[in-house]
Amino acid sequence: MSTYDQELAAARKAASLAARLCQKVQRALLQSDVQSKSDKTPVTVADYGSQALVSFILQRELPSENFSLVAEEDSGDLRTASGTETLRRITEVVNETLANDGSYSSTLSAEDILAAIDSGKSEGGPVGRHWVLDPIDGTKGFLRGDQYAIALGLLDEGKVVLGVLACPNLPLASIAGKEDSNKGVGCLFFAKIGSGTYMQSLDGSSPVKVNVSATENTEDASFFESYEAAHSMHDLTSSIAKAKYGALSRGDGAIYMRFPHKGYREKIWDHAAGCIVVTEAGGVVTDASGQPLDFSKGRHLNLDTGIVVTNQKLMPLLLKAVRESLEEQVSSL
């Protein structure tokens, strides 16, 4: 079995540079007074730019591999007349990011950008290797100048074997600990199967090993919930809920539960990288019936009702509570 060292190094580089691109776009957005709340262009530029950059870097760093990427965006809208200006901005910001990094001497054309974005059309599945990318997880947070993540994982024969989460606005100091809170902002989490989970600053400090919360008592356990103004959390916890998988892997909270409305199908890019980052940090990720998430079924997860993420001690208690709550809902219908 491959050790995936080369792939992990490529993934860390790709996610870090995508984070740099997103930071640049977000900074410009926050400095601009003319930006109306309804104008989604900045997040569109960052979203497509992040995907193009990750696709380009992975193919450059791992040239011998049969490249397959399952990702959120495709270039359809950018190929229309109304997408011309957005495409120009994406091309510009991708090239600026590459030039500032200095590792590659390429300048990408608009056509190169479209091709890089469209390499994310893979359907995934149980055979071979597939990269899985959410170029910006948390677009609302991005527009507000708040939390978002770039989430990149690798599937090998249907199993997640590595994951990287870049969280540009997440403080390096855990909110759970008594650490120095002046450590700065911007975290990169990464995990490889059988090797644990590590966190470092986005500008490249030494990685430190992280672990999920050891809380055994549900009453002491803090929640991240998957809807915005969650009442059970104070402001800081709710603002970092968008970086939930990374924050949970270092013990910032103990529980994350996600129960979307009926009929919603979870996309694999929302969970692949986060899932291995949490499990390698000692956590557990299952659906509502306690089954592990199956990433081998294509672009969507087929799962029972919702997703539960916590530590090994709390999981049986949570699943019991979830089961009882669901039974109660059924009996009250």
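All values reported here derive from a predicted model rather than from experimental measurement. (Residues numbered from 1 in each chain as written. Predicted model: local features only at pLDDT ≥ 70, side-chain atom pairs only at ≥ 80, totals over all residues. Heavy atoms only, no water.)

Asks: How do you make sense of the overall build of the protein when you look at a structure like this?
Replies: For the protein, the count of helices and strands is nine helices and eleven strands. For the protein, the residues scored as buried account for 53% of the 333 residues in total. In the protein, the proportion of contacts linking residues at least 24 apart, taken out of those at least 6 apart, comes to 69%. When the accessible surface of the protein is summed, it comes to about 15100 Å², and 49% of that surface belongs to carbon and sulfur atoms. (Helix = DSSP H or I, 4+ residues; strand = E, 2+ residues; numbered from the N terminus. Buried < 20%, exposed > 50% of the residue type's maximum accessible area, 1.4 Å probe, protein only. Contact = heavy atoms within 4.5 Å. Areas by Shrake-Rupley, 256 points an atom, 1.4 Å probe, with all protein chains shown as cover.)

Asks: Any chance you could explain the state of the cysteines here in plain terms?
Replies: Here, the word disulfide means a covalent bond between the sulfur atoms of two cysteines. In total, this model carries zero disulfides according to the counting rule given. Not part of a disulfide, cysteine 187 finds its nearest cysteine sulfur in cysteine 167, a span of 6.3 Å. The exposure class assigned to cysteine 187 is buried, which follows from its relative accessible area of 0%. (Disulfide = S-S within 2.5 Å.)

Asks: Even after reading the chapter, I still don't get the environment of serine 109, so can you show me in this structure?
Replies: Inspection of the secondary structure puts serine 109 in the loop between helix 3 (84-101) and helix 4 (110-118). The partly exposed category is assigned to serine 109, whose relative accessible area is 34%. Spatially, the C-alpha atom of serine 109 lies 8.9 Å from that of asparagine 95, the residues being 14 residues apart in sequence.

Asks: What am I meant to see in the environment of phenylalanine 189 here?
Replies: On the secondary structure map, phenylalanine 189 appears in strand 5 (residues 185-192). Residue contacts for phenylalanine 189: discarding those within four places in its chain leaves Gly163, Val164, Leu165, Cys167, Leu170, Tyr198, Met199, Gly246, Ala247, Ser249, Arg250 and Val277.

Asks: I keep staring at the packing of aromatic side chains and nothing clicks. Help me out?
Replies: Within a pair of aromatic rings, the relevant descriptors are the distance that separates the centres and the angle that separates the planes. All told, the structure shown has four aromatic pairs when counted by the stated rule. Arranged with centres 5.5 Å apart and planes meeting at 75°, the rings of phenylalanine 56 and tyrosine 104 form a pair that is edge-to-face. Here tyrosine 104 lies in the loop between helix 3 and helix 4 and phenylalanine 56 lies in helix 2 (residues 41-61), a separation of 48 residues in the sequence. In this pair, the class of phenylalanine 56 matches that of tyrosine 104, namely buried. Ring geometry for phenylalanine 190 against tyrosine 198: centres 5.8 Å apart, planes inclined by 20°, an arrangement best described as stacked. Residue classification places phenylalanine 190 among the buried residues on the basis of a relative accessible area of 6%. The ring of phenylalanine 190 has arginine 12 sitting right over it, with the charged end atom 3.8 Å from the ring centre. (Phe/Tyr/Trp six-rings, centres within 6.5 Å; stacked < 30°, edge-to-face > 60°. Lys NZ or Arg CZ within 6 Å of the ring centre and 35° of its normal.)

Asks: Mind showing me how you'd approach the sheet that holds strand 6 (residues 197-201) here?
Replies: Within a sheet, adjacent strands bond to each other through the backbone by hydrogen bonds, running parallel or antiparallel. Within the open sheet, the seven strands sit side by side as 1-2-3-4-5-6-7. Their pairing is mixed. The sheet terminates laterally at strand 1 (69-71) and strand 7 (208-210), the two strands that pair on one side only. Direction aside, the axes of adjacent strands within the sheet are offset by 20° on average. Judged from the five bridges that link them, strand 5 and strand 6 form a sheet pairing that is antiparallel. Within strand 6, the residue paired with phenylalanine 190 across the bridge is tyrosine 198. Lying on the sheet, helix 2 is in contact with strand 1, strand 2 (129-137) and strand 3 (149-156); it crosses strand 2 at an angle near 155°. This element, helix 8 (residues 272-279), spans strand 2, strand 3, strand 4 (159-171), strand 5 and strand 6 of the sheet and lies at about 90° to strand 4. (Pairing = 2+ DSSP bridges. Axes fitted to C-alpha atoms, helices over the stretch in contact; angles between N-to-C directions.)

Asks: Could you clarify how one ought to interpret the UniProt feature "binding site: Mg(2+)" (unreviewed entry) in the protein in this entry?
Replies: Cross-referencing UniProt, the feature "binding site: Mg(2+)" (unreviewed entry) maps to Glu72, Asp134, Ile136, Asp137 and Asp270 in the present numbering. The named residues occupy 199 residues along the chain; their greatest pairwise C-alpha distance, 10.1 Å, places them in one compact cluster. With respect to the helices and strands, glutamate 72 occurs in the loop between strand 1 and helix 3. Owing to a relative accessible area of 34%, glutamate 72 belongs among the partly exposed residues under this scheme. Ignoring sequence-local partners within four residues, the contact set of glutamate 72 consists of Gln51, Leu133, Asp134, Pro135, Ile136, Trp269 and Arg299. For isoleucine 136, a relative accessible area of 3% gives the class buried. Excluding anything up to four places from it in sequence, isoleucine 136 contacts Cys22, Val43, Ala46, Asp47, Glu72, Phe142, Tyr148 and Ala149. (UniProt positions renumbered as here; feature names shortened; annotations may be inferred.)

Asks: What is the right way to look at the pairing of strand 2 in this model?
Replies: Where a strand is regular, its side chains alternate between the two sheet faces. Among the nine residues in strand 2, eight count as buried, and that is most of the element. Alignment of strand 1 against strand 2, held across three bridges, turns out to be parallel. Directly across from valine 70, in strand 2, lies its bridge partner valine 132. Note: strand 2 against strand 3, seven bridges, orientation antiparallel. Its bridge partner lying in strand 3, aspartate 134 is registered against alanine 151.

Asks: How should the environment of alanine 10 be read in this particular structure?
Replies: In this structure, alanine 10 sits in helix 1 (residues 5-31). Beyond its immediate sequence surroundings of up to four residues, alanine 10 is in contact with Ile57, Leu58, Glu61 and Leu62.

Asks: What am I meant to see in the confidence of the model for the protein here?
Replies: Interpretation of this model should avoid reading the predicted coordinates in detail wherever pLDDT is low. The pLDDT averaged across the protein works out to 88; a share of 89% of its residues lies at or above 70. When the elements of the protein are averaged for pLDDT, helix 6 (residues 235-240) gives the smallest value, 49, and helix 4 the largest, 98. For residues 227-238, every residue scores under 50 in pLDDT, and the model assigns this stretch 15 contacts once sequence neighbours within four places are set aside. (pLDDT = per-residue confidence, 0-100.)

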